[in-house]
Amino acid sequence: MNRLIIFLCGLFFFFQSYGKTKPSYVDYVNPLTGTQSTHDLSAGNLYPAIAVPWGMNFWTPQTGKMGDGWTYTYTENKIRGFKQTHQPSPWINDYGQFSIMPMTGKAVFDEEKRASWFSHQAETSTPYYYKVYLGDYNTTAELAPTSHAAVFRFTFAKGDSAFIATDAFDKGSWIKIIPSERKIIGYTTRNSGGVPDNFKNYFVLTFDKPFYYTATVADGKTQSEQLEAKGDHAMGMIGFGNGGGAVNVRVASSFISIEQAERNLQEVNNRSLEDVASEGATQWNKMLRRIEIDDENIDHLRTFYTCLYRCLLFPRNISEVDGEGNTIHYSPFNGQVEKGYMYTDVGIWDTFRALFPLLNLVYPSVNEQMQAAFVNIYKESGFLPEWISPGHRGCMVGNNSASVVADAYLKGLRGYDIEALWKAVVHGANNVHPTVSSTGRLGYDLYNKLGYVPYDKGINESAARTLEYAFDDWSIYQLGKALGKPKKEIEIYKKHAMNYQNLFDKNISLMRGRKADGSFVTPFNPLKWGDAFTEGNSWHYTWSVFHDPQGLINLMGGKDKFNHMMDSVFVQAPSFDDSYYGGVIHEIREMQLINFGQYAHGNQPIQHMLYMYDYSGQPWKTQYWTNEVMNRLYKATPDGYCGDEDNGQTSAWYVFSAMGFYPVCPGSNEYAMGAPFFNNIKLHLENGKTVEIETDGLNQNNKYISSMTVNGQPYTKNYLNHSDLTNGANIRILMNDAPNYSRGTTTGDAPYSFSNELKKQIKK
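What comes next concerns the included structure.

Reading guide: rules and limits
Residues numbered from 1 in each chain as written. Predicted model: local features only at pLDDT ≥ 70, side-chain atom pairs only at ≥ 80, totals over all residues. Heavy atoms only, no water. Helix = DSSP H or I, 4+ residues; strand = E, 2+ residues; numbered from the N terminus. Rg over C-alpha atoms; globule rule 2.2 N^0.38 Å. Buried < 20%, exposed > 50% of the residue type's maximum accessible area, 1.4 Å probe, protein only. Contact = heavy atoms within 4.5 Å. Areas by Shrake-Rupley, 256 points an atom, 1.4 Å probe, with all protein chains shown as cover. Lys, Arg positive; Asp, Glu negative; His and termini not counted. Charge placed at Lys NZ, Arg CZ, Asp CG, Glu CD. Polar contact = N/O pair within 3.5 Å; in protein donor to acceptor, adjacent residues only side chain to side chain. Disulfide = S-S within 2.5 Å. Axes fitted to C-alpha atoms, helices over the stretch in contact; angles between N-to-C directions. Left-handed = near helix turned anticlockwise from the far one by under 90°. Nonpolar A, V, L, I, M, F, W, Y, C, P; charged D, E, K, R; others polar.

Scanning the protein chain from terminus to terminus reveals 21 helices and 36 strands. Scaling as 2.2 N^0.38, a compact globule of 764 residues should have a C-alpha radius of gyration of about 27 Å, and the protein chain matches this with 27 Å. A principal-axis box enclosing the C-alpha atoms of the protein chain has dimensions of 85 × 85 × 50 Å. Burial statistics for the protein chain: of 764 residues in total, 64% are counted as buried. Considering only contacts within the protein chain whose residues lie at least 6 apart along the sequence, 70% involve residues at least 24 apart. In the form shown here, the protein chain has an accessible surface area of approximately 27400 Å², with 48% of it arising from carbon and sulfur atoms. Of the charged side chains in the protein chain, 69 are positive and 78 negative; the average position of the first set lies 3 Å away from that of the second.

This is the structure in structure tokens:
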């Protein structure tokens with residue numbers, strides 16, 4: 001009995017000690033989250049991005065065919081290569097891509113024939129290190145990246161000839177093998193658009209073993225006696241005999257030149273894979289620990305840090321450093337090598353909502369670099385970005401770069417040419433790009449004349465454009481005020497910020513398309529996706545009045561009617577009209593399958609809507625619905641998202657919501673309140689201040705805020721100020737299983753609305 005007691009006590013103290021040893025933050029991240037996706041149904045539409053935060057190059061195992069946007073799909077069982085990728089989305093696809101693939105037995109160039117079976121049971125995927133066993137070749141592949149380079153280690157079994165293929169892909173490529181230097185150099189030009197005519201991604205690979213065999217392939221023809229190949233599709237193959245063991249490969253690339261690629265290779269020269277992986281883990285932990293979460297639910301921790309990881313990938317920093325230590329970049333806009341920063345691969349239609357506000361709060365110095373890159377983009381192309389990869393791409397609607405510029409400056413970011421950005425936002429509001437109609441404002445002339453983009457003048461998705469232009473005009477107005485611009489210069493944007501009213505049909509309390517003669521479009525089906533709207537319907541876009549929820553409440557006839565309309569979103573069946581598209585697009589299917597009525601969290605237009613109860617005196621509904629969405633629609637699993645993740649936006653929604661607040665209106669410097677998802681949250685801000693959010697009584701049932709204090713003082717407002725957070729704050733929240741119907745219900749408890757600002761101006 002005594003021995004049993006001693007044994008049990010030993011176990012107790014072991015587990016007590018074990019429980020105090022927490023994994024590092026990056027260990028919670030699952031890069032395979034969102035990879036179980038298809039063209040018809042998105043669970044994220046992601047690939048495992050093996051990278052450093054905002055790195056120039058990502059690496060990923062390639063299960064899809066060359067050129068396929070679905071480069072890695074969780075349900076596939078063969079790997080064709082390990083690809084350097086710059087892909088922001090399968091719909092936008094990739095550029096500057098090439099791959100490396102080890103094999104044994106014989107040299108095989110064809111990607112179908114060289115592909116090897118693999119299993120997730122023998123796969124290790126972290127942001128900083130990837131490892132997989134290739135069953136067909138009895139070979140283990142490992143990689144660890146830096147921003148511009150990477151180290152691979154291929155461990156071959158003894159007794160079989162070992163080979164490594166370098167595939168520069170089709171659409172124009174060149175490769176050269178240099179045996180005396182154990183080196184391969186080359187370039188790839190494969191892209192999906194948005195590049196100048198001189199675009200190339202130059203690469204260099206060095207190996208730690210001499211070459212026993214060499215061959216190149218040009219457009220399907222093997223050249224065993226030639227060390228160089230150039231054409232539509234160039235590849236190279238090297239062999240190492242049959243000794244087995246490990247071959248270490250160091251690889252780097254550049255958009256500037258082979259010489260710059262050699263310079264970038266210095267990031268990994270004379271460094272082991274373990275050293276590079278360790279440094280990568282350190283970089284990730286440094287960034288992830290900015291938000292320190294304490295909670296007993298490890299699955300929720302995995303989801304949170306996986307989402308935060310996704311927030312730290314895009315926009316991508318494609319800047320490089322020259323021989324004198326200067327930051328330079330290849331411009332995907334004018335094709336020249338220019339000075340300064342360049343960030344790309346982001347859709348601002350998605351990310352202006354939460355990703356950029358997250359950067360402004362937690363990683364402001366990084367967004368200052370991005371704003372400097374915006375200056376360069378404007379100077380090199382004449383326009384700010386809306387969707388870039390790497391240059392301007394024709395995708396989505398709106399002019400939301402104005403919001404990104406305004407929100408950054410209004411939240412105190414400095415160190416870049418804000419006067420150039422002021423000129424840029426004004427120019428973008430009154431022009432459209434000559435070849436990329438989604439950049440600038442398509443229909444700006446009609447919008448400025450009529451107060452809306454008319455439905456019947458050949459401009460698709462006109463209502464969505466109008467609603468977003470109105471918010472963008474508000475953003476320009478607020479930025480102009482902060483910069484002290486003359487009233488006569490900014491008054492027009494103040495006026496146009498109210499243009500959302502022109503689409504509101506008071507008879508049905510919904511937004512709808514309007515013709516140039518002023519009449520509403522008929523027939524009208526509020527369940528019709530597309531048409532006057534973008535990847536959504538009227539039930540989704542009616543709430544796209546980020547800057548003036550009170551104005552929308554007024555249009556609907558008061559808070560009771562507003563709340564009734566909000567409630568209606570969830571009680572309706574997830575029915576739809578897909579006639580505009582001629583079939584069910586994946587965003588529609590995802591709305592249908594989550595069974596939240598007409599609420600479509602898998603796409604961006606309605607994601608902020610849950611927080612609009614804060615403006616109408618029913619904050620407990622925000623608390624309920626945000627909890628439901630976090631619990632039901634996010635998991636750190638291959639099918640862990642309910643739609644496209646979209647460059648960090650859908651993840652940023654979760655990161656903010658899990659902390660208990662959300663930037664409904666970027667530029668207002670306020671965050672609408674939800675309720676925290678974790679017991680304890682600490683934001684370690686760059687200025688040295690800390691925001692601590694502690695909950696009491698939080699559990700699965702207690703999802704409602706009973707009471708709250710900020711810095712020890714009772715707090716009933718449904719929002720937090722940006723300045724209160726950046727000055728450091730101690731927030732205590734008592735949770736309960738029932739709503740507090742008396743808290744946050746007064747007019748003064750509501751977050752910012754432009755209508756309220758205008759009232760104050762009139763009183764003055």
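The next thing to look at is the side chain of threonine 139. Residue placement: threonine 139 occurs in strand β8 (residues 139–145). A distance of 2.8 Å separates the side chain of threonine 139 from the backbone oxygen of tyrosine 137, its partner in a polar contact. If we skip the residues at most four places from it in the chain, threonine 139 touches Pro102, Thr104, Val132, Tyr133, Leu134, Thr155 and Phe156.

For the coordinates displayed, the defined rule picks out zero disulfides. The closest cysteine sulfur to the non-disulfide-bonded cysteine 395 is located on cysteine 642, 19 Å from its own sulfur.

The subject of this paragraph is the environment of glycine 582. As for its placement among the helices and strands, glycine 582 is situated in the loop between α16 (559–571) and α17 (586–594). Along the chain, glycine 582 and threonine 222 lie 360 residues apart, while their C-alpha atoms are 45 Å from each other.

So, about the environment of lysine 113. By secondary structure assignment, the location of lysine 113 is in helix α2 (residues 111–114). Excluding residues within four positions of it along the chain, lysine 113 makes contact with Val108 and Tyr137.

For the pair helix α9 (residues 401–410) and helix α12 (residues 462–482), the least separation of the axes is 9 Å and the interaxial angle reads 35°. For the pair α9 and α12, the sense of crossing is left-handed. Note on element contacts: α12 touches α9 through Phe471, Asp472, Ser475, Ile476, Gln478, Leu479 and Ala482, opposite Ala402, Ser403, Val405, Ala406, Tyr409 and Leu410. Of the residues belonging to the contact of α9 with α12, the class tally is nine nonpolar, three polar and one charged.

Next up on the list: α17. Those residues of α17 lying buried are His586, Glu587, Ile588, Glu590, Met591 and Ile594. Structurally, α17 contributes buried residues whose contacts are with α14 (538–541) and α18 (619–633).

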